[in-house]
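So you can see what is in the structure, the chains are spelled out below.
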Amino acid sequence: MRQFKLFAGVAAAALVLAACGGGTTGGTSGTDNNSTTGANGKAWEGDASEVVITTWWEAGSEKVGFDALSEVFKQKYPDIKFTKAAIAGGGGSQAKQKLAADLAAGSPPDTFQAHAGAELTDYIDADQILDVSGLYDELKLKEAFPATLVEQLTSDGKIYSVPSNIHRANVVWANPEVLKEAGIDPSKQPEDLDAWIADMEKIQAKGKTPLTLGVAWTRLHLFETILLADLGAEKYNGLFNGTTKWDSEEVTKAIKHFEKILTFTDKALYTEDWEPAMQPVVDGKAAYNVMGDWAVGAFNAQNKVDGTDYIYFPVPGTQGTFDFLADSFTLPKGAAHPGGTRAWLDVISSKEGQIAFNLAKGSIPARADLSDEERAKFPKYQQSAMESFGKDTIVSSIAHGAALPVKQSNAISDAVAKFVEGGSDATQFQAELVQATK
Ligand code: GAL
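What you see is a predicted model, and the numbers here were worked out from it, not measured in a lab.

Colleague: Help me understand the domain arrangement of the protein chain, please; the structure alone is not making it clear to me.
Modeller: Quite often, the size of an interface is put as the accessible area lost when its parts meet. Segmenting the protein chain into domains produces domain 1 (20-167 + 328-373) and domain 2 (168-323 + 399-436). Taken together, the contact pairs 21 residues of domain 1 with 21 residues of domain 2. Both sides together, the interface formed by domain 1 and domain 2 hides about 1500 Å², and carbon and sulfur atoms give 57% of it. Interface area lost by domain 1 to domain 2 is led by Ser61, Ala118 and His167, which between them contribute 33%. In this structure, the connection of domain 1 to domain 2 is made through zero salt bridges. If you look at where domain 1 meets domain 2, you find nine residue pairs in polar contact (both at pLDDT 80 or more).

Colleague: Whenever I open this one, the pairing of strand E3 (residues 111-115) confuses me. Can you help?
Modeller: Put simply, side chains in a regular strand alternate between the two faces of the sheet. For E3, a buried count of five out of five residues is recorded, marking the element as mostly surrounded by other parts of the structure. Of the two faces of E3, the one holding Thr111, Gln113 and His115 and the one holding Phe112 and Ala114 are both buried throughout. Looking at chain direction, strand E1 (residues 50-55) and E3 are connected through two bridges and run parallel. From the neighbouring strand, Ile53 faces E3, where its bridge partner is Thr111. Here E3 pairs with strand E11 (residues 321-329) via three bridges, running antiparallel. Residue pairing in the sheet places Ala114 in a bridge with Ser328 of E11.

Colleague: Before we go on, may I ask you to explain the site of the ligand in this structure?
Modeller: In the region of the ligand, 14 residues are neighbours, and Glu62, His115, Asp327, Lys361 and His400 sit closest. Measuring from an oxygen atom of the ligand, one finds a side-chain N or O atom of Asp327 at 2.6 Å. The contact in question runs from an oxygen atom of the ligand to an N or O atom on the side chain of His400, over 2.7 Å. In the complex, the protein chains occlude 100% of the 310 Å² of accessible area that the ligand would expose alone. Put simply, the ligand lies in the largest cavity. A domain split of the shell around the ligand shows at least three residues from each of domain 1 (20-167 + 328-373) and domain 2 (168-323 + 399-436).

About the criteria used
Residues numbered from 1 in each chain as written. Predicted model: local features only at pLDDT ≥ 70, side-chain atom pairs only at ≥ 80, totals over all residues. Heavy atoms only, no water. Domains from an automatic or database assignment. Contact = heavy atoms within 4.5 Å. Buried area = accessible area lost by both parts, 1.4 Å probe. Salt bridge = Lys/Arg side-chain N within 4 Å of Asp/Glu carboxyl O. Polar contact = N/O pair within 3.5 Å; in protein donor to acceptor, adjacent residues only side chain to side chain. Buried < 20%, exposed > 50% of the residue type's maximum accessible area, 1.4 Å probe, protein only. Helix = DSSP H or I, 4+ residues; strand = E, 2+ residues; numbered from the N terminus. Pairing = 2+ DSSP bridges. Near = heavy atom within 4 Å. Areas by Shrake-Rupley, 256 points an atom, 1.4 Å probe, with all protein chains shown as cover. 1 Å grid on protein atoms, 1.4 Å probe; cavity = no way out; pocket = protein on both sides within 12 Å on 5 of 7 lines; lining within 4 Å. Sits in = over half its atoms within 2 Å of the grid points.

So, in structure tokens, the structure goes:
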């Protein structure tokens, strides 16, 4: 199997170094609309009359983030027709299926959203996306992004996409008022899963929903953070290189914790995508939700105040670990408007594009060369995420394509969904996890 380098057990030292070193301001030329098709053998040259972008950032705060980015694009490339081919559904749950069909039929968009890391394997092996390392040279992106992130986009020395942002998955979002009503001090975070479960019991006793959970991918998202809490970063990473077995005792322990934690969820929300599933926490009807930090965009879009209306902390037991994922955009083979793709990749990788997008999206810029002034523009949550990314142990998300190829993460997701819905017991579930990762 093609191997992508995982973030494994190291802090993002490269990010810190790059941040201190200043770097470059690449990616701002904006003059290429008229380039001729494939001149100099560059796949990103050619028709720049339009760009068709496949994305799942189509609802709520995610749409707000994408709109911020599209504004930058329209200002910088006013002559390029901008076509958003969006398919709503968090985590790309719907978009990826449609995309797979379009790619298989030989009618790709000009660019599509894909997670950095193992998820790219599927597209590379199927010969569906092109090497853009030459564009990295043109736009001076190797200097702009942390070396560790570029490694996640590289296979056999070729770079297959351009990142727009970095997200953290292992975050609990909580309503402090609901905690106080249950006699829990919001300023003290539970140390581990057992202490967190004890708090959930107090909330349940008050008649409120302790934890909200939505559709299938949100359950895998929760489960991966519980795995991380019970296994620790090193053994969690071992799940992806075979040094930790899926039938090990640690995984059994995580399944038991997951089973217990599920008893605190409201099944009525299981059909909801992440944003409506999180809304009861925003509204003070539920205490906690485990979600990636795109969640902060949803609180902010509803004018909620950090620290007063909502608080956040690492999933108990995962303190000091940053469960990483990054969104990136590709150049598909056979794209009708490769010059349009180049313009899009230029905008999403530029400082201006990354600042506008990440301010709204809740993520942090993938670029490591922001000045102190540029960093200071980010709200408190993103400041804390930037700090954690610089010093924590980084691991790769399963639910969001960084750790495993789509086929395996889909199989794990199916097993998790079945368990959550009562279709398997803990023993069967673990056996299915073993099968899913074979
Ligand atoms: C992730 C994606 C995030 C966010 C989230 C919810 O897979 O990387 O940017 O969109 O899904 O839809």
